[in-house]
Amino acid sequence: MPPFLPTSAPPDSGVRFPCPKHPGTTIDLESCSGRRILALNARINVRIKLIWSRLGNATGRRYFVKAERAWQIYVENECRSRSRAWINPAIPSQYVGGTEAPVLAGICEEELTAAHLHELAETAAELGPH
C-alpha cells in the first residue's frame with residue numbers, strides 16, 4: 001500500500017478552527033496553513049496513487065515507500081529546525097522559537113510540500129503511462 005499523507009485534521013487540531021479571509025491571530029495563521037497543507041496532501045495522494053500504479057513491481061514500490069517516508073522525516077526535521085519549534089527545556093510550556101514557531105513551521109511545511117508535489121509530477125511523467 002502506498003504511503004498516503006493525511007487529508008483531514010485530528011479532532012483536537014487547531015486546523016479545525018475557521019480560516020478567516022484576513023487571518024490575524026496565531027490560531028488563524030496556524031489553521032489556514034494547516035488547511036492548505038491538507039489540500040496539498042490530497043493532491044500529493046493523487047500523484048502517489050498514479051506513481052504506485054506505474055511502478056508495477058514490489059521492488060520499485062519498496063524504494064518509493066522508503067523515499068516518501070524519508071521525505072516526511074526530512075520535512076518534519078527541516079521545518080522544526082527552521083522555525084525553532086521544539087519545546088524549551090527551561091520552560092516546558094514554550095517553544096524555543098516563541099509563539100511564532102508553529103506558524104513558521106507551517107509555512108515551511110507548505111513550501112516543502114508544494115515543491116514535493118512538483119517533484120512527484122516529474123516522477124509520474126518520467127515513468128510514463130502504465
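Please refer to the structure higher up on the page.
Residues numbered from 1 in each chain as written. Predicted model: local features only at pLDDT ≥ 70, side-chain atom pairs only at ≥ 80, totals over all residues. Heavy atoms only, no water.

Undergrad: Where do I start with the overall build of the protein chain in this structure?
TA: Each helix and strand counted, the protein chain has three helices and two strands in total. When the elements of the protein chain are put in sequence order from the N terminus, they spell out α-α-β-β-α. With respect to the principal axes defined by its C-alpha atoms, the protein chain has extents near 50 × 35 × 25 Å. Residue burial in the protein chain is summarised as follows: out of 130 residues, 32% are buried. Pairs at least 24 residues apart make up 61% of the contacts formed inside the protein chain by residues separated by at least 6 positions. Here the protein chain has roughly 8200 Å² of accessible surface; of this, 57% comes from carbon and sulfur atoms. Treating the 15 positive side-chain charges of the protein chain as one cloud and the 13 negative ones as another, the clouds have centres 8 Å apart. (Helix = DSSP H or I, 4+ residues; strand = E, 2+ residues; numbered from the N terminus. Buried < 20%, exposed > 50% of the residue type's maximum accessible area, 1.4 Å probe, protein only. Contact = heavy atoms within 4.5 Å. Areas by Shrake-Rupley, 256 points an atom, 1.4 Å probe, with all protein chains shown as cover. Lys, Arg positive; Asp, Glu negative; His and termini not counted. Charge placed at Lys NZ, Arg CZ, Asp CG, Glu CD.)

Undergrad: What should I look at first to understand the layout of surface pockets in this one?
TA: Leftover empty space is mapped by rolling, across the atoms, a probe with the size of a water molecule. By volume, the largest pocket is sized at about 770 Å³. Listed by contribution, the elements that provide at least two residues to the lining of the largest pocket are helix 1 (26–55), helix 2 (58–83) and helix 3 (101–127). Of the residues in the lining of the largest pocket, the class split is 15 nonpolar, nine polar and four charged. (1 Å grid on protein atoms, 1.4 Å probe; cavity = no way out; pocket = protein on both sides within 12 Å on 5 of 7 lines; lining within 4 Å. Points joined across faces, edges and corners; volume = space filled by probe spheres on them. Nonpolar A, V, L, I, M, F, W, Y, C, P; charged D, E, K, R; others polar.)

Undergrad: Honestly, the packing of helix 1 against helix 2 in this entry has me stumped. Any pointers?
TA: Packed helix pairs are specified by the crossing angle of their axes together with the interaxial distance, meaning the distance between the axes. Where helix 1 meets helix 2, the closest approach of the two axes is 9 Å, and the angle between their N-to-C directions is 150°. Judged on the interaxial angle alone, helix 2 and helix 1 are roughly antiparallel. The two elements helix 1 and helix 2 cross, and the hand of that crossing is right-handed. Here helix 1 contributes Ile48, Ile51, Trp52, Ser53 and Leu55 to the contact with helix 2, which in turn contributes Gly60, Arg61, Phe64, Val65 and Glu68. Tallied by class, the residues present in the contact of helix 1 with helix 2 amount to six nonpolar, two polar and two charged. (Axes fitted to C-alpha atoms, helices over the stretch in contact; angles between N-to-C directions. Parallel < 35°, antiparallel > 145°, perpendicular 65-115°, else oblique. Left-handed = near helix turned anticlockwise from the far one by under 90°.)

Undergrad: For this particular structure, what's the right way to read the packing of helix 2 against helix 3?
TA: In the contact formed by helix 2 and helix 3, the axes pass within 8 Å of each other and the chain directions differ by 150°. When the axis of helix 2 is compared with that of helix 3, the two are roughly antiparallel. Every pair of crossing elements has a handedness; the one defined by helix 2 and helix 3 is right-handed. Contacts between helix 2 and helix 3 involve Phe64, Glu68, Trp71, Tyr74, Val75, Glu78, Cys79, Arg82 and Ser83 from the former and Ala101, Leu104, Ala105, Cys108, Glu109, Glu111, Leu112, Thr113, His116 and Leu120 from the latter. Residues belonging to the contact of helix 2 with helix 3 are distributed by class as follows: 11 nonpolar, three polar and five charged.

Undergrad: Where do I start with the nonpolar core in this structure?
TA: Nonpolar side chains in soluble globular proteins tend to be buried together. With 16 residues, the main nonpolar core has Ile44, Phe64 and Leu120 as its most contacted residues. If you list the elements that add at least two residues to this core, you get helix 1, helix 2 and helix 3. The contact partners of Leu120, leaving out residues within four places of it in the chain, are Ile44, Arg47, Ile48, Ile51, Phe64 and Glu68. (Core = buried A, V, L, I, M, F, W, Y, C linked by side-chain atoms within 4.5 Å.)

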